[in-house]
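Coordinate analysis (summary)
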Amino acid sequence: MSGPGIGRIYGALLWILPEAFRRRYAAEMRRMFEEQWAESGVLRRMVMVVRALRDIAWTALAVRLCPGHTLAPRRRGDGMTSGLAADLRLAVRGLRRRPGFTVMAAVTIGLGIGAMTAVFSVVDATVLHGLRVPEPDRLISIWSRFADQPGDFELSPAEFTDVRSDVRSLELVGGYGFGEITLEPLDDGVARTAVVARPIGDLYELLGARAVLGRLPGPEDDRIGAPLVAVLTHGFWMEAFGGDPGVVGTRTLPLGNSGAQIIGVLAPEVALPEGDADAWVHQVLNPESWVSDRSGHWVSTLARLRAGVSEESARAELASLERTWAERYAGMHTIGAHGHATGVMSLSARILGPTRRIAILLSMAAGLLLLLACANVANLLLARGETRTSEVGVRVALGASRARVARPVMLEGLVLGVLGGILGVPLARFGMPLLLQIAPPDIAQLAGVGVDARVVAFAVAVSLATGALFGLVPALSAARRDPAALLRSSGRGRTGATRGLRLLVAGQTALATVLLALAGLLTRSLFELNSVHPGLDPRGRITLDLTVPPARFSDAPSVLGFYDAAQQRVQELPGIERAALVRNLPLRDGQRREYVAREQAAGREERTGVTVQLASPGALGTLGIRLFEGREFQNADRTDAPLVALVNRSAARALWPDESALGRRVRALFAPPDHGLITIVGVYEDVRSESLGATPEPEIILPFNQVPGFLGAIRSATVVIQSGSAPATVIPAARQAIRAINASVPVETATTMAEVVRASSSRERFIASLLGVFAGLALVIAAVGVFGVVSFSVARQTREFAIRNALGAGRSTILGGVLRKNVSVAAAGAMAGAILALLAAPGLRSFLYNVAPRDPLIMAGVPLMLIVVAMLSSLAPALRATRVSPARALQESD
Amino acid sequence: MSELADLIPLPPHTFLVLLCLRGRPLHGYGIKKEVRARSEGRVDLDPGGLYRLIARLEARGIVSVVEAPVDAPGDDHRRVFYTLTPAGEALLAMEASRLAALIGSPDVAALIEGARA
């Protein structure tokens, strides 16, 4: 804001100072404020605003309370009643005399402040305090990218080692991978799966990790051949070990040959930036064996820039490192069409970027709602001010200064703002849990802290600011009056008096239109998303997760035997139609990306990126996925049988654009070299595995029984059950049946496929619901605003209507007249709102699925709806105008 | 003069403001900046706070409004400048000697020595 602009506002605020003091010092105070403003930066200015509010309020109070300190009052009669306290009493008394008005105004403001406060707590958690690590601004994330595969990949151990030793711009480089382990049944008899992170390098320091119990791994644990050590996360320690301090130094986690010794417990606030782990098992950095591993991409890498070094110079260094790689490891690191490159991004942008965009959208929506609420209350206050014109006129004529007249009006606004805050904060406090229930997990986790002191402080500031804002408008209008005109007009309907009111009505309609249009777009987008066919049938499908512990199942046949038995037993349960196993549950689990090549492919250049799924016989049918050609896997497709696979239609099109895929053969480039060619036996419908909104990628399904590569790939699986019975009866029965085969296998996360589909669009649902609620409130507030203003203007023109009725004007003429006048104002506002919405909507593009940001249906429909609502709100008061009896005219004229 | 003596000891901010006005007239923002500099940034007066103080000091005849100094920059000529009145000078001197006596007392002197060591 410019200096003169803020100076004017500051000057206006000085009106609450006692007149004698103000006359003498206000101009200098304002000048002083302006000078300091001009010399201050943005942050300092924000502080100045808060301090100025406090300073002015305090000065007004102090000068009032100790009048001896100020100059003598210039005019008699400025004694008792001129006090701020007296004006405050006047304002409160005025509000109490009209409880209906007061309650409505306070509730309106309360809704606005509640919405703003709730959203602020999300913004505070995500944008202002998102990354709880030391030096968050210097942290960057480093990843690999392949030209022919979508998405980001972790670094390979060799790349990590090179980056850590060669890139000079980086002060610290750390990383982590993930694994799963299975814990034997603990005291409660339940076997558990635990996710372990494998921290490497400087990760502890980068994340500011500290132990609340025991110690963190140190240099002695970093020797090659040192025994494995682990630290537990606080949550897992509480959950699995009941917070028993005895586990440190005595228990081990089942990993490697002799297990990993638990040496400490992490503090509760320590967390990985991406992904959750139950325990951190220290990974020894072994350059000797790592330099050769360039193909396994599993190290999530983060680094801290040296002080004063930019992200750009790190990027430049990495680019030159890449060129070295391309020369030294030709074929592995080709730069270009099929090559792979490294990417760099600040960690906060990477982790919080998407959440930030949501937070900004929500704050803007809440801000609009609050503005609308303010406009509405200003409207009501202004209307009241109009009815008090004669009173004001008398006071001005008797010599009251303009400030004296304006001050009680302004104070009324402030009192209402505070009342609104008193209502709004609990609203936010109790509304937050509801809000977080529908929030996607990442936001819910961040914003879980709820309403704290900072949030309350924010709400108080917002309440006072809004109070001042909507108090100022009527206060100015009260102060500007010419007493003679006021007295002349007393009791009469002045044409033009309601111009300010009309402007506010138009403004309200415009704001409501913007909010409704944005909410409409998001809601349509959500409907579009929900009407997408996921490619599978979620109805009557129940899922259970299995993780097979290596300690009990040391080889592939034992794992596969267990899967067979599990499928068999579950299928035999009563009420179950069929059951099958898949490796990655669509719409929930990340998909594994690999390469395949056609049998006739000439070389590396002809490879095709695919996602790889594993499945048991009958999996397609059990998930309700349509088979277009060929057959599903059968029990006969075992290790010794010919290798088979299923492909989705996208993969079939990508690999054999002009012919049927059936009977064609591919080579799995991720399998050991001696793995034979795989024959395609079936083509199935594209499934939206990644998300409902993402276009399906080429996918290949291999049978569990013929999995090439490493055993780890089959250690966990999801059982899918199709059943007409209720999940509540199916889940325990299935769990029991699987435990009966082997109790050491954890059976976890039981849910329904419908829930999985629903959860996959939780982000979109969250935004749409919240904006929907805001828009609904906006509509109600706007309707109330229109109703209030029309009622008011009809009441003021009672005499005119009475005369017109007496003169025989038709009811329809009067009704039409009132409606036309008021609805045209609302219509102008709705049009302005539609233009604003058209300008703002492209900013929503990244939130929309299958809906154009300037969707004509919404951009035309919403303003129309607002006009209809305005018409309905005007109807009752307009009808009242037609019923005014001529006798009233005589009564009204005193 | 006895009325002035009632004001002793002066609140630290008041003392600072009077000290800044000694020997040369200043306008409000000038006082603010000078006070901030003298207190090494610890005392930062808001406009309301400063003019409340000035109002009290004016009412008691401790400071008064003067013409802008001839060497003031062009824009400053329209500002209100304040200076110490003779009573203000006396008050400042009283407070200064009170402080000096306080600091001069052996136990306080020992404290200061201790802090330096």
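Above this text you will find the structure in question.
Overview of the structure. (Residues numbered from 1 in each chain as written. Chains lettered and ligands numbered in written order. Predicted model: local features only at pLDDT ≥ 70, side-chain atom pairs only at ≥ 80, totals over all residues.)

Some details on the overall build of chain B
Heads up, the rule is: Strands here are runs of E lasting at least two residues and helices are runs of H or I lasting at least four, both read from the DSSP assignment and numbered beginning at the N terminus. Exposure classification rests on a simple neighbour count of other C-beta atoms within 10 Å of a residue's own: a residue reaching 20 or more is buried, one at 12 or fewer is exposed, and one in between is partly exposed. C-beta atoms are placed from the backbone.
Looking only at helices and strands, chain B features six helices and three strands. The secondary structure elements of chain B, listed N-terminal to C-terminal, are α-α-β-α-α-β-β-α-α. Of all 117 residues assigned to chain B, the portion counted as buried reaches 28%.

A few points about the environment of Glu35 of chain A
All names here are of chain A. Its place among the elements puts Glu35 in helix 2 (residues 19–38). Overall, the presence of 20 C-beta atoms within 10 Å leaves Glu35 in the buried class. With 28 residues separating them in the primary sequence, Glu35 and Gly7 have C-alpha atoms 9.5 Å apart.

Side note on the nonpolar core
Residue and element names in this part refer to chain A. Quick reminder of the rule: Think of a nonpolar core as buried Ala, Val, Leu, Ile, Met, Phe, Trp, Tyr and Cys residues, each tied to the set through C-beta atoms within 7 Å. Each residue gets a C-beta atom placed from its backbone, and two residues are in contact if those atoms lie within 7 Å.
Membership of the largest hydrophobic core comes to 153 residues, with the highest contact counts inside it found for Leu369, Leu372, Leu515, Leu518, Phe774 and Ala778. The element that contributes the greatest number of residues to this core is helix 11 (residues 347–387), accounting for 20 residues. Contacts of Leu372, omitting those with residues within four sequence positions, involve Gln508, Leu511, Ala512, Ala778, Ile781 and Ala782. By size, the runner-up hydrophobic cluster in this structure holds 116 residues, among which are Val196, Leu203, Leu587 and Ala652.

Comments concerning helix 18 (residues 556–572) of chain A
Residue and element names in this part refer to chain A. Quick note on the threshold: Every helix has an expected span of 1.5 Å times one less than the residues it contains. The reported arc concerns the directions from the helix axis to the C-beta atoms and nothing else.
In this model helix 18 runs 24 Å from its N-terminal to its C-terminal C-alpha over 17 residues, within 8% of the 24 Å that 1.5 Å per residue would give. Of all the residues in helix 18, the buried ones are Val559, Leu560, Tyr563, Ala566, Gln567 and Val570. All buried residues of helix 18 project into a common sector of 115 degrees when viewed along the axis, lining one side. For helix 18, exposure combined with an orientation more than 90 degrees from the buried face picks out Pro557, Gln568 and Glu572. Each element contacted by the buried residues of helix 18 is listed here: strand 11 (541–547), strand 12 (576–582), strand 20 (716–723) and helix 21 (727–741).

Brief notes about the interface of chain B and chain A
Note the cut-off: In this classification, Asp, Glu, Lys and Arg are treated as charged, Ala, Val, Leu, Ile, Met, Phe, Trp, Tyr, Cys and Pro as nonpolar, and every other residue, Gly included, as polar.
If you look at the interface, chain B gives 14 residues, while chain A gives 19 residues. For the side of chain B that touches chain A, the elements supplying multiple residues, two or more each, are helix 3 (28–38) and helix 4 (47–59) of chain B. By residue number, the principal contributor to the side of chain B that touches chain A is helix 4 of chain B, which donates eight residues. Classifying every residue of the side of chain B that touches chain A gives six nonpolar, three polar and five charged.

Digging into the sheet that holds strand 1 (residues 26–27) of chain B
All names here are of chain B. The line we're drawing: Strand pairing is assigned whenever DSSP detects at least two bridges linking the two strands.
In space, the three strands of this open sheet follow the order 1-3-2, with antiparallel pairing throughout. In the strand order of this sheet, the two ends are held by strand 1 and strand 2 (63–66), each with one partner. Both strand 2 and strand 3 (residues 81–84) contribute to a ladder of four bridges, which runs antiparallel. Opposite Ser64, over in strand 3, you have Thr83 as the bridge partner.

Some points on unusual backbone geometry
All names here are of chain A. If you check the backbone angles, Glu135 has positive phi at about 50 degrees while not being a glycine. Residue position: Glu135 is located in the loop between helix 5 (99–128) and strand 1 (139–146). One non-glycine residue, Asn850, lies in positive phi territory at about 65 degrees. Counting through the fold element by element, Asn850 comes out in the loop between helix 25 (811–840) and helix 26 (856–882). When the 12 C-beta atoms within 10 Å are taken as the criterion, Asn850 is described as exposed.

Considering the packing of helix 17 (residues 499–530) of chain A against helix 23 (residues 762–796) of chain A
Residue and element names in this part refer to chain A. The test is simple: Interaxial angles span 0 to 180 degrees and are taken between N-to-C directions of axes, which are lines fitted to C-alpha atoms, for helices over the stretch in contact. We call two directions roughly parallel when the angle between them is under 35 degrees, roughly antiparallel when it is over 145, roughly perpendicular when it lies between 65 and 115, and oblique otherwise. Helix crossings get a hand from a simple test, with the near helix turned counterclockwise from the far one by less than a right angle marking a left-handed crossing and a clockwise turn marking a right-handed one.
Relative orientation of the contacting elements helix 17 and helix 23 amounts to 155 degrees, with a least axis distance of 8 Å. The orientation of helix 17 relative to helix 23 falls into the category roughly antiparallel. Crossing hand, helix 17 versus helix 23: left-handed. Across the contact of helix 17 with helix 23, the residue classes tally to 21 nonpolar, six polar and two charged.

Brief notes about helix 26 of chain A
The condition that has to hold: The quantity called bend is, for any residue, the angle between two axes fitted respectively to the seven residues ending at it and the seven beginning at it.
The terminal C-alpha atoms of helix 26 of chain A lie 38 Å apart, and with 27 residues this matches the ideal 39 Å at 1.5 Å per residue to within 8%. Of all the bends in helix 26 of chain A, the largest measures some 40 degrees and sits at Leu875 of chain A, one to four residues before the proline Pro877 of chain A.

Interpretation note: all reported values are geometric properties and have no functional meaning in isolation.
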